[in-house]
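# An overview of the molecular structure
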Amino acid sequence: MLKLLWLVLLASLACKFFFRRWPWELLGVPHVSPELERARALLGVRRDASRIEILEAHKRYLAVVHPDRGGSNDQVYEANAARDLLLGRLAANIPE
């Protein structure tokens, strides 16, 4: 049993070395950070949203939570952070 564990460990490390990804990443198991999911949920955009869709969703959300309309500054800061996170991932073309 211990030999099998060592074999799996070595195979995982070899996969990481040669393919620059862990085996479970190659199997298609998506890993999405909670911050990214929260940003998407806040703005109400899909996983494959384009830059324009993100900006439009941000604009719609700001119209609702703007301090002049009864919202708070914290909600505006949170919306801006969500927009920046999503646009940053999109610009860097970081896979999920």
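So, how was this worked out
- Residues numbered from 1 in each chain as written.
- Predicted model: local features only at pLDDT ≥ 70, side-chain atom pairs only at ≥ 80, totals over all residues.
- Heavy atoms only, no water.
- Axes fitted to C-alpha atoms, helices over the stretch in contact; angles between N-to-C directions.
- Helix = DSSP H or I, 4+ residues; strand = E, 2+ residues; numbered from the N terminus.
- Left-handed = near helix turned anticlockwise from the far one by under 90°.
- Contact = heavy atoms within 4.5 Å.
- Nonpolar A, V, L, I, M, F, W, Y, C, P; charged D, E, K, R; others polar.
- Salt bridge = Lys/Arg side-chain N within 4 Å of Asp/Glu carboxyl O.
- Buried < 20%, exposed > 50% of the residue type's maximum accessible area, 1.4 Å probe, protein only.
- Patch = residues over 30% accessible without salt bridge, like charges linked within 9 Å, V, L, I, M, F, W, Y side chains within 5 Å.
- Areas by Shrake-Rupley, 256 points an atom, 1.4 Å probe, with all protein chains shown as cover.

## Brief notes about the packing of helix α3 (residues 34-43) against helix α5 (residues 73-92)
Between two packed helices, what matters for the description is the angle formed by their axes and the separation of those axes. Look at α3 against α5: their axes get within 9 Å of each other, and the N-to-C directions meet at 115°. Every pair of crossing elements has a handedness; the one defined by α3 and α5 is left-handed. Contacts from E35, L36, R38, A39, R40, L42 and L43 of α3 reach α5 at E78, A79, A82, R83, L85, L86 and R89. Of the residues assigned to the contact of α3 with α5, the class counts are 8 nonpolar, no polar and 6 charged.

## Re the side chain of S12
For S12, the location among the structural elements is in helix α1 (residues 2-19). Among all residues touching S12, those that are not within four sequence positions of it are W22 and P23.

## Some remarks on the pattern of salt bridges
Pairing is possible between side chains of opposite charge, provided their charged atoms come close. Summed over the entire model, instances satisfying the criterion amount to 5 salt bridges. The residue R38 makes a salt bridge to E78 at a minimum N-O spacing of 2.7 Å. On the criterion of sequence distance, the pair formed by R38 in helix α3 and E78 in helix α5 is long-range, its members being 40 residues apart. E78 sits in the partly exposed class, given a relative accessible area of 28%. Between D84 and R83 there is a salt bridge, with its nearest N and O atoms 3.0 Å apart. Residue D84 is classed as partly exposed on the basis of its relative accessible area of 43%. R83 gets classed as partly exposed once you look at its relative accessible area, which sits at 22%. Because the salt bridges share partners, they merge into one network encompassing R46, D48 and E53.

## Topic: a nonpolar patch on the surface
A cluster of nonpolar residues, L2, L5, W6, L9, L10 and L13, forms a patch on the protein surface that exposes about 640 Å² of accessible area. With respect to the element layout, L10 can be found in helix α1.

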